[in-house]
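Summary of structural features
The chain contents come next:
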Amino acid sequence: MSKPVAWILGLTLIIAGPLIGIALRRVVDRIAAKTLVASTTPGSQTARRLVLGLAHDLAVPVCALVALAVALDLPGGIPFPMEIIHQVLKGALMVAITFAIARLAADVVTSVIRRISGISGSVSLFATITRVLIYAVGALITLDSAGIRVTPLLGALGVGALAIALALEGTLANLFAGVHILASRTVQPGDFVRLDTGEVGWITDVNWRTTSIREIPGNVVIVPNRKFADAILTNFNHPAQDMAIAVEVSTSYDSDLDQVERVTLEVARQVMCELDVGVPDAEPRVRFHTFGDSGIGFRVVLRTRQYEDQYLLVSEFIKALHRRFRMEGIVIPYPIRVLHTAPITEPRTVPLVDPSSLETALRTP
């Protein structure tokens, strides 16, 4: 084969390789769209999705590298040592396979964690650890396939890892704290928590360094994993998501307390049944607890489905209770204080003091 013909054929193969890979990727995408819609079993659907995803990622790089290898093997082609070229191509192929397997493994780990824990949030920490491990193994295999001895490199990496661990003490502490947070199942993405430092919101993500908390107004608070693991927190999703709410109320001393209790319970049951944020099956409670300055204080215990729903439930309960108290003639007293004074029976006189004598007394040493 003449040299111009070899160059033209090699160039054609180099151009045709990626094009064949793109066409093959589109075929894989169509097969994935059909099979995933037709499949009804979750296990088989996940397996097919992962296999087709791996084929989608490897279609273009594998076809391009194979076409390049064939083009370089043509007689009369590039005058370079073929052994070096083959090692380079093998290393490039290993890099492409490593990236594809890393993405596949991260998807598998994320799917398994979500299925086990039953959460919908993103758990990026385990996916990141999986990618890093696969990248490290793939790099070692790539170097070994390129003819580089990895045994001395592993020894050097062991010594270097100790120095890196000392330099990155805070980062590694956050990493292991994040693993501890998720492994201990103290909190999970989606839980509503309150820290002892005052942050209140939903756990949205736990990554390799920080934990993200989305507060009720919508802003996101970023907390380092080490501080989050050491914090005293209240998890409003455990052991159950619904929670009790106490509403403080007061009534006049002239009120019939039995009537006040009966009316308050009726209003509480009605509000919890009518609103979606209430728990209809829960029984409200009324407890009198204080002889106050202006009235008798009592506490009404309601139950809401979620922490953030308490505001609507309390607001509607107060409006309904105020309206019902006015209809029943029950008085909600103003904050007043009554003072009783004894009458003065005899007038009292204060003796007058002569100013001149007072001045003389002050000047006397």
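Residues numbered from 1 in each chain as written. Predicted model: local features only at pLDDT ≥ 70, side-chain atom pairs only at ≥ 80, totals over all residues. Heavy atoms only, no water.

As for the overall build of the chain
Looking only at helices and strands, one finds 10 helices and 8 strands in the chain. When each of the 365 residues of the chain is scored for burial, the buried share is 32%. Taking contacts inside the chain between residues at least 6 apart in sequence as the whole, the part at least 24 apart equals 66%. Here the chain has roughly 23100 Å² of accessible surface; of this, 64% comes from carbon and sulfur atoms. (Helix = DSSP H or I, 4+ residues; strand = E, 2+ residues; numbered from the N terminus. Buried < 20%, exposed > 50% of the residue type's maximum accessible area, 1.4 Å probe, protein only. Contact = heavy atoms within 4.5 Å. Areas by Shrake-Rupley, 256 points an atom, 1.4 Å probe, with all protein chains shown as cover.)

As for the nonpolar core
Counting 22 residues, the largest nonpolar core has Leu-302, Phe-317 and Phe-325 as its most contacted members. Put simply, the parts of the chain that give this core at least two residues each are strand S6 (243–251), helix H8 (257–274), strand S8 (296–304) and helix H9 (310–328). With 7 residues, the single largest contributor to this core is H8. Apart from the residues within four sequence positions on either side, Phe-325 is in contact with Val-249, Val-260, Val-263, Thr-264, Phe-298, Ile-330 and Ile-332. If you look at the next biggest cluster of nonpolar residues, it comprises 11 residues, including Ile-181, Val-193, Val-206 and Ile-213. (Core = buried A, V, L, I, M, F, W, Y, C linked by side-chain atoms within 4.5 Å.)

A few points about a nonpolar patch on the surface
Together, Leu-11, Ile-15, Leu-19 and Ile-22 give the surface a local cluster of nonpolar side chains, amounting to about 380 Å² of exposed area. Considering the arrangement of structural elements, one finds Ile-15 in helix H1 (residues 3–38). (Patch = residues over 30% accessible without salt bridge, like charges linked within 9 Å, V, L, I, M, F, W, Y side chains within 5 Å. Salt bridge = Lys/Arg side-chain N within 4 Å of Asp/Glu carboxyl O.)

Looking at the packing of aromatic side chains
Under the definition given, this model contains 6 aromatic pairs. With 4.8 Å between their ring centres and 80° between their planes, Phe-192 and Trp-202 make a pair best called edge-to-face. Note that Phe-192 is positioned in strand S1 (residues 192–195) and Trp-202 in strand S2 (residues 200–206), a separation of 10 residues in sequence. Judged by relative accessible area, Trp-202 falls into the buried class, the value being 17%. Centre to centre, the rings of Phe-236 and Tyr-307 are 4.4 Å apart; their planes meet at 45°, and the pair counts as tilted. Placement of Phe-236 in the loop between strand S5 (233–235) and S6 and of Tyr-307 in the loop between S8 and H9 is noted, with a sequence separation of 71 residues between them. The residues Phe-236 and Tyr-307 share a single accessibility class, namely buried. An aromatic cluster of three or more residues is present, and its members are Phe-192, Trp-202, Phe-236 and Tyr-307. (Phe/Tyr/Trp six-rings, centres within 6.5 Å; stacked < 30°, edge-to-face > 60°.)

Examining the sheet that holds S6
If you walk across this open sheet you meet the 3 strands as S6-S8-S7, and the pairing is antiparallel. Taken across any chain shown, the strands that pair with only one partner, and hence form the sheet edges, are S6 and strand S7 (285–291). Across the sheet, the mean angle separating the axes of adjacent strands is 25° when strand polarity is ignored. In terms of strand pairing, S6 meets S8 through 9 bridges, oriented antiparallel. (Pairing = 2+ DSSP bridges. Axes fitted to C-alpha atoms, helices over the stretch in contact; angles between N-to-C directions.)

A word on H9
An ideal rise of 1.5 Å per residue puts 27 Å on 19 residues; H9 measures up with 26 Å between its terminal C-alpha atoms. Turning to H9, its buried residues number three or more, namely Gln-310, Leu-313, Val-314, Phe-317, Ala-320, Leu-321, Arg-324 and Phe-325. For H9, the buried positions fall inside an angular range of 140° around the axis, keeping them on one side. H9 presents Arg-323, Arg-326 and Met-327 as exposed residues on the side facing more than 90 degrees away from its buried surface. In this structure, the buried residues of H9 make contact with S6, H8 and S8. Of the residues one or two after H9, Gly-329 is the one with positive phi, at around 75°. (Expected span 1.5 Å × (residues − 1). Arc of directions from axis to C-beta.)

Concerning the side chain of Asn-225
With respect to the helices, strands and loops of the structure, Asn-225 is situated in helix H7 (residues 225–230). Take Asn-225: its relative accessible area is 0%, and that puts it in the buried class. Not counting chain neighbours up to four residues away, the residues in contact with Asn-225 comprise Asn-174, Ala-177, Gly-178, Ile-181, Val-206, Asn-207, Trp-208, Arg-209, Thr-210 and Thr-211.

Topic: the pairing of S1
When a strand is regular, its side chains alternate between the sheet's two faces. Examined bridge by bridge, S1 and S2 share 3 bridges and lie antiparallel to one another. Residue Arg-194 lies in a different strand from S2, and its bridge partner there is Val-200. Where S1 hands over to S2, the hairpin turn is made up of 4 residues, of which Gly-198 adopts a positive phi near 110°. Relative to S5, S1 runs antiparallel, the two sharing 3 bridges. Bridging across to S5, Val-193 finds its partner in Asn-235.

Focus: the UniProt feature "transmembrane region" (unreviewed entry) in the chain
Those residues carrying the UniProt feature "transmembrane region" (unreviewed entry) are residues 6–28, 49–72, 84–106, 118–141 and 153–176 in this numbering. Secondary structure across residues 49–72 comprises 100% helix and 0% strand; the distance between its end C-alpha atoms is 35 Å. (UniProt positions renumbered as here; feature names shortened; annotations may be inferred.)

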